[in-house]
Amino acid sequence: MSEYLNVMRREIEPIRQQLIQHPVYAKVNTIERLKTFMEYHVYAVWDFMSLLKVLQRNLTCIDLPWLPVGNPQTRYLINEIVLGEESDVDEQGNRTSHFELYIKAMNEIGCNLNTINAFIKCLKEKAPVFESLRMSNAPLPAADFVKSTFDIVNNNKPHVQAAVFTFGREDLIPGMFISFVNELNKQSGDRFRTLKYYLERHIEVDGEHHSHLAYEMTEELNATYSEKWQESTEAVKSALLHRIKLWDAINSLFKQ
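Residues numbered from 1 in each chain as written. Predicted model: local features only at pLDDT ≥ 70, side-chain atom pairs only at ≥ 80, totals over all residues. Heavy atoms only, no water.

K.L.:
Requested: an account of unusual backbone geometry, with residues and values cited.
P.N.:
Pro65 follows Leu64 through a cis peptide bond whose omega is -5 degrees. As for its position among the elements, Pro65 is in the loop between α3 (31-59) and α4 (72-86). Notably, Asn156 is not glycine yet its phi reads approximately 60 degrees, a positive angle. One non-glycine residue with positive phi stands out, namely Asp190, at about 75 degrees. Mapped onto the secondary structure, Asp190 falls in the loop between α10 (175-187) and α11 (193-222). (Helix = DSSP H or I, 4+ residues; strand = E, 2+ residues; numbered from the N terminus.)

Spelled out as structure tokens, the structure:
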């Protein structure tokens, strides 16, 4: 791991700790609150995939006729991550994306899926992202979070996109939240099995294998250009602060 990457990690660590220690996790202590949390968080799960796919679009060839594009190493890194995120396996071994797995978990525990389903329907009908958020009545804090992500998606700077992908979404789920879900699953006769599996898979794949690939991709794209590293660092800080803002909004819905 390069010193540039280590410097970035040190600079963003205070904000990252704010996220890990956010009070919203302690307040998600009932099934109803968990449902609410997931109904907001699902938009972050979705737009993570869009950040992933813009990287694939910028770093590989997805057009016809095919041509070799960019660095073969970064092509490999992003394609390997896409493979796992877009076509992983569920607890029965069936192929699925992590977004679809999350939707399955929401359905299993009785979340309200009307809004997120309406959003996806609008997108399938070719409505623009921001218009789809409005037409589907997406929660405003979630819509604001998606808009901040799409500022990165649309900026056409792969080095920034890679850094935000790597550090803006790396493992930020504290152990207490995972323990709460595990306990709920035990008490409910395996009702929360898909969410439990999703969290375990997130740690196993995203937090371990994919994080190492993403570190390599970030290093490859920023190289030894100090100005790129600085720009990437500021973008990561902004992404983490937008996540805190989303968590603050969810937290404000819960009384002590």
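K.L.:
Got a sec to walk through the layout of surface pockets? Specific residues and values, please.
P.N.:
Gaps between atoms show up when a probe of the same size as a water molecule is rolled over them. When its volume is computed, the largest pocket comes out at roughly 250 Å³. As for the largest pocket, its lining consists of Trp46, Met49, Ser50, Lys53, Glu86, Ser97, Phe99, Glu100, Ile120, Leu123 and Lys124. Looking at the lining of the largest pocket, the elements with two or more residues in it are α3, α5 (98-109) and α6 (114-124). Of all the elements, α3 adds the most residues to the lining of the largest pocket, at four residues. Each residue belonging to the lining of the largest pocket can be placed in one class, and the counts come to five nonpolar, two polar and four charged. As for the second largest pocket, its lining consists of Ser50, Lys53, Val54, Arg57, Ile62, Phe150, Val153 and Asn154. For the lining of the second largest pocket, the secondary structure elements donating two or more residues are α3 and α8 (140-153). Residue contributions to the lining of the second largest pocket peak at four residues, all from α3. (1 Å grid on protein atoms, 1.4 Å probe; cavity = no way out; pocket = protein on both sides within 12 Å on 5 of 7 lines; lining within 4 Å. Points joined across faces, edges and corners; volume = space filled by probe spheres on them. Nonpolar A, V, L, I, M, F, W, Y, C, P; charged D, E, K, R; others polar.)

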